[in-house]
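Here's the letter readout for the chains.
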Amino acid sequence: RVLALGCGSGALLPELASDSTFTEILGVDVSTRALEAASRRLERLPEHQRTRVGLRQSALTYLDPDLRGYDAAVLMEVIEHVDPERLPALQRAVFGVARPRTVVVTTPNVEYNERFPGLPEGALRHPDHRFEFTRAQFRDWGERIAREHEYSARFLPVGPEDPDVGAPTQLAVFTAEEVST
């Protein structure tokens, strides 16, 4: 069972639905307009895939106990759309309340931006981005989450790695540690 948190227009949902390993997929987004677009995208799926995918409106900064019990969650290019002062609320909601066994987070590597022709110096990649992490900032953020919520964290590059500025996108895989009772 997988959560696609901040699923937007649902670009990842058909990819997840094409893998029969996933028995239930729930796309979650705060935007009704994005969820409508995701719903239209899902209509194009074969019925055996479509029946395993649901959509839900919810803010990732709100504690939503209905999101508990999922095996995994993905936040693909999501956190940079959250105001930095709201990140602790997102962290509590995802890692504290929903607490899936595995959480995958991808986000732009701001250091790589200088390699994009036409992107002005100091500009972020999208007008809705509130921030973009350096590699060190992302690792620090992820390691803090792992400590605070009893997860382990692995950090990986996404895309070709430039020797000076790293890969265009960075990824963290968080795995819940076994809690003894």
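Residues numbered from 1 in each chain as written. Predicted model: local features only at pLDDT ≥ 70, side-chain atom pairs only at ≥ 80, totals over all residues. Heavy atoms only, no water.

Participant: Would you mind going over the sheet that holds strand 6 (residues 151–158) with me for this structure?
Facilitator: Through backbone hydrogen bonds, the strands of a sheet pair up, either in parallel or in antiparallel fashion. Overall, mixed pairing links the 7 strands, which are arranged 3-2-1-4-5-7-6 in an open sheet. Pairing within the sheet leaves two strands with one partner each, and these edge strands are strand 3 (53–57) and strand 6. Neighbouring strand axes in the sheet, compared pairwise and without regard to direction, differ in orientation by 20 degrees on average. Relative to strand 7 (residues 169–176), strand 6 runs antiparallel, the two being bridged by 8 bridges. From the neighbouring strand, Ala153 faces strand 7, where its bridge partner is Phe174. (Pairing = 2+ DSSP bridges. Helix = DSSP H or I, 4+ residues; strand = E, 2+ residues; numbered from the N terminus. Axes fitted to C-alpha atoms, helices over the stretch in contact; angles between N-to-C directions.)

Participant: Can you help me understand the pattern of salt bridges in this one?
Facilitator: A side chain with one charge can pair with a side chain of the opposite charge if their charged atoms come near. A complete count under the given rule lists 10 salt bridges for this structure. Across the pair Arg115 and Glu114 runs a salt bridge, and its minimum N-O distance is 2.6 Å. Accessibility expressed as a relative area gives 33% for Arg115, which makes it partly exposed. With its nearest N and O atoms 3.7 Å apart, the salt bridge here joins Arg139 to Glu143. One end of the pair is Arg139 and the other is Glu143, both in helix 5 (residues 135–149) and 4 residues apart, which spans about a single turn. We classify Arg139 as partly exposed; its relative accessible area is 39%. Classification of Glu143 by relative accessible area gives partly exposed; the value is 33%. (Salt bridge = Lys/Arg side-chain N within 4 Å of Asp/Glu carboxyl O. Buried < 20%, exposed > 50% of the residue type's maximum accessible area, 1.4 Å probe, protein only.)

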